[in-house]
Amino acid sequence: MLSSPDLSFSQNLPLVVFNQLGELLQQMAQSVESSVLVLTESVLARVLITEEWQSQRFILVVSEQFSALLRGALTQEEQEAEENPHSPFPTPNSQLSTSLTFNSEAIADFINNLKGLFASDSETYQNLDYYSQILRPNDATLQSRFTLLLLEYLLPQKHQAVTESFNTSQSENACQAIEIALQKQISQERLLNQVTTQIRKSLDLPVIMATAIAQVREFLKLDRLVIYKFERSGVNTQNSTANGQSPTPSLISDWQKYGGCIVYEVRATDEISSVLHSQETTCFTRHSLCWEKYRQGFTLVVEDVEKTYALEECLLNFLRANRVRAKLAAPIMFEEKLWGLLIAHQCDIPRQWTDNERNLLSSIAEQLAIAIHQSELMRSLTQEKQTLEQRVLERTMALRDALLAAEAASRLRNEFLATISHELLTPLTYVIGMSSTLLRWPIGELSQRQRDYLQTIHDSGEHLLEMINDILDLSQIEAGKTVLNINEFSLAKIAESAISALIDKANNQQVTLKLDLLIDPRRDIFSADAERIEQILWNLLTNAIKFTPEGGSVTLRIWVEDNTAVFQVEDTGIGISEEQLPLMFEKFQQLDTPYRRRYEGTGLGLALTKQLVELHRGRIEVESTVGIGSIFTVWIPPQSAKVLSADS
């Protein structure tokens, strides 16, 4: 219904009629002599908007001579019928609740509301603010001219003719449209499967991206398809184009300064300019609201850059210079971060992008994100592998150097001990021999005090000789120079010999020394190094006697078990705590802490015993309880007739 005095109206109109009214307003804008602004809802494509704005369509004309605002939104009935009530693509026969006004105050209010959607420092905001201040009542001549044209468009017969024409065309082409849509859907699914399969089969990211964008460009019949990568996206790629070109160094510098650059491109023909060589230094802003929409998964749809960027002269000129008339941009998200954009370009004419095209580009962008993630994982694994290999190599070299140093130190130590021990043996032999000779002198020639001194010298020499011999034996074994002299001997006799040699020592300490032979006479003969076996028994027995208090007992048991000779020394001595057992066979270890002042020793006896047992490829074990006693058990397997050494 028309209303006076501004001739505004409000009524429900089909979308096709709404569009015709919009065309009429744009024709009027061209006839205005002063500066004129023409805006549509396309200007909102790059900003975050509410649902109220998402459902609106509008055409705004502002100048000093003529201004008008045409607004439309789906009716409530249409919203309930639509699967997506806020879809920006209603069907041509959709009914819009339409309003048209020429009132400058109403138009100013609309511009102020529209202005609030943009950043205050943006070019769009500043332009809207400027045009809101130049609003004036419409020129009467221009207003009358538009009124006449408006009445023609609103004639019932014209409206009816348009509707009937549309219904007839819709009926005739319904089947054909469905068939075409199905074919496109099948082709689209096939293309998506090809890209997915390629990503699964290959880890070469540059090849995947170059191939994928070439296939998508061909399928959508695009003039240009590019991949835009943001700065510090965290994934390294090789810049490339369908024609083998690379971005110039100046473009790389601009990318680092202003946010990003094109890393892949494919064009329909060589006549289309390459955006890899374009340089934009002022229009793109790193903190644009559009980037935030991309981070939320938004797909940018620009059917005509002349409408969408009408208020952004800098950006519009940049797009014109690079021959971009329409574009479709889908975000590439990597690990919940905006890695880049997959952007389709139509170079010379506007293009109405379909839902299927938007969905395809978004799906391809998702697959490219998978390929990027896959490539990044492989790059990380390769880097970690190289780092690990380098660390292993460095560690191996360090261990080898440490081993060589340890071997050298051990060799020097053993040589030193052997040399010193041999040098000590000669004077020590004189000390022991001469003291023995003097002790045999008859009483009278030496006083008792002198004899006591000589006895101390002799006993100390004997003890020192025993220690030196232990050191020599241990160093020889560790140096791998000890040779076993294998022969056959009687286990019973060697046991009896050990008991006889130590019976006086045990009696002096008031310790009972016993022998328990559990040997079948037919298995008494054994093959091993008899001298070393006797040394093993001597060390175990003297150790047991030394740590057994007066009134205690030490027992030597011997038996044969599966051709293996078993020697066991059991005492009722002071025992060993469980914490000290692991140190039992270490060199220079004395575990008798509470009794350290009572017992002599260097801590080499048991260490040497263990080495001699292992030299026979045997084993030694100990069981002990503090205050009750200990049991040492040695297993010696029969030795072959050949001579054995420590390193054999």
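## Here's the deal with the overall build of the chain
Each helix and strand in the chain was counted, giving 17 helices and 20 strands. In the chain, which comprises 648 residues, the proportion classed as buried is 44%. Taking the intrachain contacts of the chain between residues at least 6 apart in sequence as the baseline, contacts between residues at least 24 apart amount to 72%. Of the accessible surface of the chain, which amounts to about 35000 Å², a share of 51% is contributed by carbon and sulfur atoms.

## Some thoughts on the pattern of salt bridges
The final tally for this structure, using the stated rule, is 16 salt bridges. In this structure, the salt-bridge partner of Glu-357 is Arg-351, at a minimum N-O distance of 2.8 Å. As far as burial versus exposure is concerned, Glu-357 and Arg-351 are alike and both buried.

## A few points about the pairing of strand 11 (residues 337-346)
Burial within strand 11 is extensive, with nine of its 10 residues counted as buried. In terms of strand pairing, strand 6 (residues 224-230) meets strand 11 through six bridges, oriented antiparallel. Pairing of Ile-227 across the sheet is with Leu-342, part of strand 11. As paired strands, strand 10 (residues 326-334) and strand 11 are joined by nine bridges and run antiparallel to one another. Directly across from Phe-334, in strand 11, lies its bridge partner Lys-337.

## Focus on the environment of Val-566
As for its position among the elements, Val-566 is in strand 17 (residues 564-571). The class of Val-566 is buried, set by a relative accessible area of 0%. In this structure the C-alpha to C-alpha distance between Val-566 and Ile-620, which are 54 residues apart in sequence, comes to 9.8 Å. Look past the residues within four positions of Val-566 in its chain and what remains in contact with it is Arg-557, Ile-558, Trp-559, Glu-561, Thr-633, Val-634 and Trp-635.

## With respect to helix 5 (residues 123-133)
An α-helical turn contains 3.6 residues, so a residue and the one three or four places further along point in the same direction. Taken together, the buried positions of helix 5 are Thr-124, Leu-128, Tyr-131 and Ser-132. The arc enclosing the buried residues of helix 5, seen along the axis, measures out at 105°, which places them on a common side. Close packing links the buried residues of helix 5 with strand 2 (36-40), strand 3 (56-63) and helix 4 (104-115).

## Examining the packing of aromatic side chains
Two measures describe an aromatic ring pair: the distance that separates the ring centres and the angle between the ring planes. Across all of its chains, the model carries nine aromatic pairs by this definition. Ring geometry for Phe-58 against Phe-110: centres 5.2 Å apart, planes inclined by 70°, an arrangement best described as edge-to-face. Pair noted here: Phe-58 is in strand 3 and Phe-110 is in helix 4, with a separation of 52 residues, a long-range link. You'll find Phe-58 and Phe-110 in the same group, each marked buried. Ring plane angle 55° and centroid distance 5.8 Å describe the contact between Phe-66 and Phe-146, whose orientation is recorded as tilted.

## Some details on the environment of Asn-317
By secondary structure assignment, the location of Asn-317 is in helix 12 (residues 313-321). Taking the C-alpha atoms as reference, Asn-317 lies 10.0 Å from Val-305; in sequence the two are 12 residues apart.

## Regarding the nonpolar core
Judged by nonpolar contacts, the single largest core of 43 residues is most densely connected at Leu-491, Leu-541, Phe-567 and Phe-632. Looking at this core element by element, the count peaks at eight residues for helix 16 (residues 530-546). With near-sequence residues (within four places) excluded, Phe-567 lies in contact with Leu-491, Ile-533, Leu-537, Arg-557, Ile-558, Phe-632, Thr-633, Val-634 and Ile-636.

## A few points about the environment of Arg-71
Inspection of the secondary structure assignment puts Arg-71 in strand 4 (residues 68-74). Through-space distance from the C-alpha of Arg-71 to that of Ser-97 is 8.1 Å; in sequence the pair is 26 residues apart. In this view, Arg-71 contacts Phe-18, Gln-56, Arg-57, Phe-58, Ser-97, Thr-98, Ser-99 and Phe-110; residues no more than four positions away in its chain are not counted. At 2.8 Å, the side chain of Arg-71 forms a polar contact with the side chain of Gln-56.

## Quick notes on the side chain of Asp-524
Relative to the helices and strands, Asp-524 resides in the loop between strand 14 (512-517) and strand 15 (525-528). Buried and without a salt bridge, Asp-524 has Lys-493 as its closest oppositely charged side chain, separated by 7.0 Å. In contact with Asp-524, not counting residues within four places along its chain, are Phe-489, Ser-490, Leu-491, Ala-492 and Ile-519.

## Some points on the sheet that holds strand 16 (residues 553-561)
With mixed pairing, five strands are arranged side by side in an open sheet as 14-16-17-19-18. Here the strands that pair on one side only, and so sit at the sheet edges, are strand 14 and strand 18 (619-625). Strand after strand, the sheet turns through a mean of 15° between neighbouring axes, direction not considered. Bridge analysis of strand 18 against strand 19 (residues 629-636) gives seven bridges, and the strand direction is antiparallel. Across the sheet, Ile-620 pairs through a bridge with Val-634, a residue of strand 19.

## Let's talk about the sheet that holds strand 1 (residues 9-14)
Here we have five strands laid out as an open sheet, ordered 1-5-4-3-2, and antiparallel in their pairing. If you trace the sheet from one side to the other, it starts and ends with strand 1 and strand 2, each paired once. For this sheet the average axis-to-axis angle between neighbouring strands, irrespective of direction, equals 15°. Relative to strand 3, strand 2 runs antiparallel, the two being bridged by five bridges. Residue pairing for strand 3: Val-38 is matched across the bridge by Val-61. Helix 4 rests against strand 2, strand 3, strand 4 and strand 5 (95-101) of the sheet, and its axis sits at about 115° to strand 3.

Parameters at a glance
Residues numbered from 1 in each chain as written. Predicted model: local features only at pLDDT ≥ 70, side-chain atom pairs only at ≥ 80, totals over all residues. Heavy atoms only, no water. Helix = DSSP H or I, 4+ residues; strand = E, 2+ residues; numbered from the N terminus. Buried < 20%, exposed > 50% of the residue type's maximum accessible area, 1.4 Å probe, protein only. Contact = heavy atoms within 4.5 Å. Areas by Shrake-Rupley, 256 points an atom, 1.4 Å probe, with all protein chains shown as cover. Salt bridge = Lys/Arg side-chain N within 4 Å of Asp/Glu carboxyl O. Pairing = 2+ DSSP bridges. Arc of directions from axis to C-beta. Phe/Tyr/Trp six-rings, centres within 6.5 Å; stacked < 30°, edge-to-face > 60°. Core = buried A, V, L, I, M, F, W, Y, C linked by side-chain atoms within 4.5 Å. Polar contact = N/O pair within 3.5 Å; in protein donor to acceptor, adjacent residues only side chain to side chain. Lys, Arg positive; Asp, Glu negative; His and termini not counted. Axes fitted to C-alpha atoms, helices over the stretch in contact; angles between N-to-C directions.

Read these as layout, nothing more, since geometry by itself doesn't imply function.
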